[in-house]
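Here are the chains, one letter per residue:
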Amino acid sequence: MTTATHTERRSGAQYGFSDLPDLLSLMTGAEKHGPAATSTLDVLWVLYDRVLRVSPETVGAADRDRFLLSKGHGPMAYYAVLAAKGFLAPELLASFGGYDSPLGHHPDRLLVPGAEIGSGSLGHGLPLAVGTALGLRAQALPDPAVWVLIGDAEFDEGSNHEAVAFAGAAGLERLHVVAIDNSSATHGWRGGIAARFEAEGWSTETVDGRDHEALYRAFTAPHPGRPHAVVARVEPKNS
Amino acid sequence: METMRDRFIDVTGELLDSDPRLAVVLADISAAGFVAAAERHPDRVVNVGIREQLLIGAAGGLALTGMRPIAHTFASFLIERPFEQVKLDLGHQGVGAVLVSASGSYDWPAGGRTHMAPGDVALLDTLPGWSVHVPGHPDEAETLLRHAAADGDSLQYVRLSVHGNGTARPVRPGRFLTVRRGSGAVVLAVGPMLDAVLAATEGLDVTVLYAATVRPFDAAGLRAALGGRADVVLVEPYLAGTSANEAHAALADLPHRVLGLGVPREEHRHYGSIPEHLAAYGLDEAGLRARITGFLG
């Protein structure tokens, strides 16, 4: 209960990265910080803390940045960051997976404030992000960035490869992918994931997915005329 | 002769000029027809190449930004191949789209099974909220396309075929049209099946209803057309019995009989022509007459 008391005390205040473990523990009821559950934590934090131009007040604004969580599995880190940034009430985290909870084991955009897509079936986020980038361009909204988070095993899904090839050919420069690589793909990706994006004309960076400064630099690197992929390498899933 | 697909291309190009919310997403099929529209609206006519999962996913993303996407390819590749995208990237995300197919169930028999999609409407029946239009003439296709494009953020499927009827009917979305009145059974002809149904029921004391929109199913229209007994024959240009559940629901409180005629589940491993396939399926005039009179006794 000390965790809950601690969280309530911080309600309404600004949370920092160091508060995320407490928020995460509300969802599991235990100190469960395995790599599989938190492989996305640093990436999500740096994006929401320093990169994305979206806030609880602008979740419906036409010119907001979009973040699409394609890898909807293990969304606790996502919910924790959304709570830390005020999109969700921290008290909701304890309801994780409950019948009346908005917080499922895969997120639903119609239930979670700030969630741009419902996800869980792998390989849908990047095609949806391509369409989002096309829609913003067609409406003469050149500023919003579209970000989509995928996993290295999710990258196995063929739908991603349809999207990677098209986005490169179409030069969708406001489209960004961050691929969390925890070496969980069954057959791996020889030469690394970035090589696939590079072959289709994307700008790419491969960085340590736990190094916040490196992530920030990679996220904000200029990439005129090309979509941008950041491969964030973290410890292997089964290490 | 102008096909429904020709009309779709012309009408959609015109709609793009007048409605800035509309966007067309293609997967190479019909792309040549949209070249002029793409020159006028390069950001709103998008050809993703032969990538049907992306076709539907991109349509979903466009809709997430507030646009009204129209996605088009052959029915096999629009509904069946990316079916999970249809399920998750549109309805589950809470956004809509207009899906416009061509080729239907038997448009290109020489092309074989790969280009036949008799299960498309049945598949959409597993999902909530879809309107399904099956026009029988290019004029009807135009009416239904304009309705579908303008209908807010709804989920609309417009199923185009080269099989059609000789004349257009004054269709209204969601309403069955009474084409012939009788006092006996009701024969409901869907889209391209009307001409054959009218010929097959010549001289029979039946009411012929015409449906160019099958979802929502005009239950009130069906009930209003019933004769002394609730006997209903459905004649559909896709899987036999696709609308049987809808008919049963419409007649749930009545003793009733429903005969569902349409394309059989069994593969017909023959090529040839549309008339040859319709005859093989029992959907030509002679086949329909034999099965309808047999049912009515």
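Residues numbered from 1 in each chain as written. Chains lettered and ligands numbered in written order. Predicted model: local features only at pLDDT ≥ 70, side-chain atom pairs only at ≥ 80, totals over all residues. Heavy atoms only, no water.

What follows is about the interface of chain A and chain B. A common measure of how large an interface is: the accessible area buried when the components associate. In this assembly, 24 residues from chain A lie in contact with 25 residues from chain B. Across the chain A/chain B interface, buried area totals approximately 2,100 Å², and carbon plus sulfur atoms make up 59% of it. Contact with chain B buries surface across chain A, with His124, Leu128 and Glu162 of chain A losing the most and accounting together for 27% of the total. Where chain A packs against chain B, one counts 1 salt bridge. Linking Arg137 of chain A and Asp43 of chain B is a salt bridge whose minimum nitrogen-to-oxygen distance equals 3.4 Å. Elements with a contribution of two residues or more to the side of chain A that touches chain B: α6 (125–138) and α7 (158–170) of chain A. Considering only residue class, the side of chain A that touches chain B consists of 11 nonpolar, 8 polar and 5 charged. (Contact = heavy atoms within 4.5 Å. Buried area = accessible area lost by both parts, 1.4 Å probe. Salt bridge = Lys/Arg side-chain N within 4 Å of Asp/Glu carboxyl O. Helix = DSSP H or I, 4+ residues; strand = E, 2+ residues; numbered from the N terminus. Nonpolar A, V, L, I, M, F, W, Y, C, P; charged D, E, K, R; others polar.)

For the rest of this paragraph, the subject is the nonpolar core. In terms of nonpolar packing, the biggest core is built from 78 residues, with Leu175 of chain A together with Leu99, Tyr157 and Leu222 of chain B touching the most fellow members. Ranked by the residues each element gives to this core, the list is headed by helix α3 (residues 52–64) of chain B, at 8 residues. (Core = buried A, V, L, I, M, F, W, Y, C linked by side-chain atoms within 4.5 Å. Buried < 20%, exposed > 50% of the residue type's maximum accessible area, 1.4 Å probe, protein only.)

We now examine the packing of helix α1 (residues 4–18) of chain B against helix α7 (residues 138–150) of chain B. Residues and elements named next belong to chain B. Running from N to C, α1 and α7 cross one another at 35°; their axes reach a closest spacing of 9 Å. Relative to α7, the crossing made by α1 is right-handed. In this structure, α1 contributes Met4, Arg7, Phe8, Val11, Glu14 and Leu15 to the contact, and α7 contributes Pro138, Asp139, Ala141, Glu142, Leu145, Arg146 and Ala149. (Axes fitted to C-alpha atoms, helices over the stretch in contact; angles between N-to-C directions. Left-handed = near helix turned anticlockwise from the far one by under 90°.)

Bridge count between strand β4 (residues 203–208) of chain A and strand β5 (residues 228–233) of chain A: 6 bridges; the pairing is parallel. Within β5 of chain A, the position partnered with Thr204 of chain A by the bridge is Ala229 of chain A. (Pairing = 2+ DSSP bridges.)

A word on the pattern of salt bridges. Residues and elements named next belong to chain B. Taken as a whole and assessed by the stated rule, the structure comprises 24 salt bridges over all chains. Salt-bridge contacts for Glu142 lead to Arg146; the nearest nitrogen and oxygen are separated by 3.0 Å. Taken as a pair, Glu142 and Arg146 lie in helix α7 at a separation of 4 residues, close to a single helical turn.

Time to look at the sheet that holds strand β9 (residues 207–211) of chain B. All names here are of chain B. Strands sit in the order β7-β9-β8-β11-β12 across an open sheet of 5 strands; the sheet is mixed. Both outer strands of the open sheet, β7 (177–180) and β12 (256–263), are each paired with one neighbouring strand and no more. Each neighbouring strand pair of the sheet contributes to a mean axis angle of 25°, computed without reference to strand direction. For strand β8 (residues 186–190) and strand β11 (residues 230–239), the ladder comprises 4 bridges, and the chain directions are parallel. Bridging from a neighbouring strand, Ala189 pairs with Val235 of β11. Packing against the sheet, helix α12 (residues 285–296) makes contact with β8, β11 and β12, and its axis sits at approximately 165° to β12.

Before going further, it helps to spend a moment on the side chain of Ser154 of chain B. All names here are of chain B. Relative to the elements of secondary structure, Ser154 occurs in the loop between α7 and β6 (155–159). At a separation of 2.9 Å, a polar atom in the side chain of Ser154 contacts the side chain of Gln156. Aside from chain neighbours lying at most four places away, what touches Ser154 is Arg68, Gly96 and Ala97. (Polar contact = N/O pair within 3.5 Å; in protein donor to acceptor, adjacent residues only side chain to side chain.)

With that out of the way, let us pick up helix α9 (residues 212–219) of chain A. Residue and element names in this part refer to chain A. Along α9, the residues that are buried comprise Ala214, Leu215, Ala218 and Phe219. Seen from one end, α9 has its buried residues packed into an arc of 130°, which puts them on one side. For α9, the secondary structure elements touched by its buried residues are α4 (41–51), β2 (146–151), β3 (175–181), β4 and β5. Among the residues of α9, the N-terminal cap falls to Asp211, whose side-chain oxygen and the backbone nitrogen of Glu213 are separated by 3.1 Å. (Arc of directions from axis to C-beta.)

This next bit is on the confidence of the model for chain B. A residue-level look at chain B finds 100% of positions with pLDDT of 70 or above and a mean pLDDT of 98. For this predicted complex, the interface confidence reaches an ipTM of 0.96, while the overall pTM sits at 0.95. (pLDDT = per-residue confidence, 0-100.)

Throughout the structure, instances matching the rule amount to 14 aromatic pairs over all chains. Pairing Trp147 of chain A with Phe219 of chain A gives two aromatic rings, centres 5.1 Å apart and planes at 75°, and the pair type is edge-to-face. One end of the pair, Trp147 of chain A, is in strand β2; the other, Phe219 of chain A, is in helix α9, with 72 residues separating them in the sequence. Using a relative accessible area of 3% as the deciding quantity, one classes Phe219 of chain A as buried. Judged by centre distance (5.6 Å) and plane angle (70°), the rings of Phe8 of chain B and Phe34 of chain B are edge-to-face. Note that Phe8 of chain B is positioned in helix α1 and Phe34 of chain B in the loop between β1 (22–26) and α2 (35–40), a separation of 26 residues in sequence. When its relative accessible area of 0% is taken as the criterion, Phe8 of chain B is described as buried. Among the residues examined, Phe34 of chain B registers a relative accessible area of 1% and is labelled buried. The ring of Tyr216 of chain A carries Arg50 of chain A above its face, with NZ or CZ at 4.0 Å from the centroid. (Phe/Tyr/Trp six-rings, centres within 6.5 Å; stacked < 30°, edge-to-face > 60°. Lys NZ or Arg CZ within 6 Å of the ring centre and 35° of its normal.)

Moving on, we come to the packing of α6 of chain A against α3 of chain B. Running from amino to carboxyl end, α6 of chain A crosses α3 of chain B at an angle of 50°, the nearest separation of the two axes being 6 Å. Considering their axes alone, α6 of chain A and α3 of chain B lie oblique with respect to each other. The chirality of how α6 of chain A crosses α3 of chain B is right-handed. In contact with Pro127, Leu128, Val130, Gly131, Thr132, Leu134 and Gly135 of chain A of α6 of chain A, α3 of chain B contributes Leu54, Gly57, Ala58, Gly60, Gly61, Leu62 and Leu64 of chain B. Residue classes in the contact of α6 of chain A with α3 of chain B are distributed as 8 nonpolar, 6 polar and no charged. (Parallel < 35°, antiparallel > 145°, perpendicular 65-115°, else oblique.)

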